[in-house]
Amino acid sequence: VYDAIKEMHRLTKQEIPFSFSFMSYSYTRDTSHGIVTVLRAVLLPGNLKDRNAFNEYMLRYRDLDTYEEKSCWQLLLLTFNGEDLTL
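First, a word on what this report is: a plain description of the structure on this page. (Residues numbered from 1 in each chain as written. Predicted model: local features only at pLDDT ≥ 70, side-chain atom pairs only at ≥ 80, totals over all residues. Heavy atoms only, no water.)

Summed over all chains, the structure comprises 8 aromatic pairs. Ring plane angle 50° and centroid distance 6.5 Å describe the contact between Tyr25 and Trp73, whose orientation is recorded as tilted. One end of the pair, Tyr25, is in the loop between strand 1 (18–23) and strand 2 (35–43); the other, Trp73, is in strand 4 (residues 68–73), and 48 residues separate them in sequence. You can call Tyr25 partly exposed: its relative accessible area is 34%. Taking 5.4 Å as the distance between ring centres and 55° as the angle between the ring planes, the aromatic pair formed by Phe54 and Trp73 counts as tilted. Taken as a pair, Phe54 in the loop between strand 2 and strand 3 (58–63) and Trp73 in strand 4 lie far apart in primary sequence, 19 residues in all. A relative accessible area of 15% places Trp73 in the buried class. Ring pairs connect the aromatic residues Phe18, Phe20, Phe22, Tyr61 and Phe80, which therefore count as one cluster. Cation over ring: Arg62 sits above Tyr67, and NZ or CZ is 4.2 Å from the ring centre. (Phe/Tyr/Trp six-rings, centres within 6.5 Å; stacked < 30°, edge-to-face > 60°. Helix = DSSP H or I, 4+ residues; strand = E, 2+ residues; numbered from the N terminus. Buried < 20%, exposed > 50% of the residue type's maximum accessible area, 1.4 Å probe, protein only. Lys NZ or Arg CZ within 6 Å of the ring centre and 35° of its normal.)

This paragraph deals with the layout of surface pockets. Here the largest pocket defines a volume of roughly 460 Å³. In terms of lining, the largest pocket is formed by 21 residues, of which the most central are Tyr25, Ser26, Tyr27, Met58 and Ser71. Those elements giving two or more residues to the lining of the largest pocket turn out to be strand 1, strand 3 and strand 4. Residue contributions to the lining of the largest pocket peak at 4 residues, all from strand 4. Looking at the lining of the largest pocket residue by residue, the class counts come to 11 nonpolar, 8 polar and 2 charged. Quantified by volume, the second largest pocket comes out at close to 160 Å³. Every residue lining the second largest pocket is listed: Ile5, His9, Thr12, Lys13, Leu43, Leu44, Pro45, Gly46, Met58, Leu59, Arg60 and Gln74. Elements represented by at least two residues in the lining of the second largest pocket include exactly helix 1 (2–13) and strand 3. (1 Å grid on protein atoms, 1.4 Å probe; cavity = no way out; pocket = protein on both sides within 12 Å on 5 of 7 lines; lining within 4 Å. Points joined across faces, edges and corners; volume = space filled by probe spheres on them. Nonpolar A, V, L, I, M, F, W, Y, C, P; charged D, E, K, R; others polar.)

Keep in mind these numbers describe shape, not what the thing actually does.
Next comes the structure, spelled out in structure tokens:
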């Protein structure tokens, strides 16, 4: 997972989109909507700590197909560019 995150940052700096999937989870709602797959994304700068207490555990990204800004928990990443991830 951590190597994949480093590669996501590298690709983002080079403006190269990547794909990934993760298990959704909302801490505030204590719910999941299952596996989310993003086909083309780049990372965004993290939230300020005063806006999100869990900033260091999250990845902010832009879905380039919908142009939406979203976030996911780093430890819930499942795949990166078609490859399964492990901790």
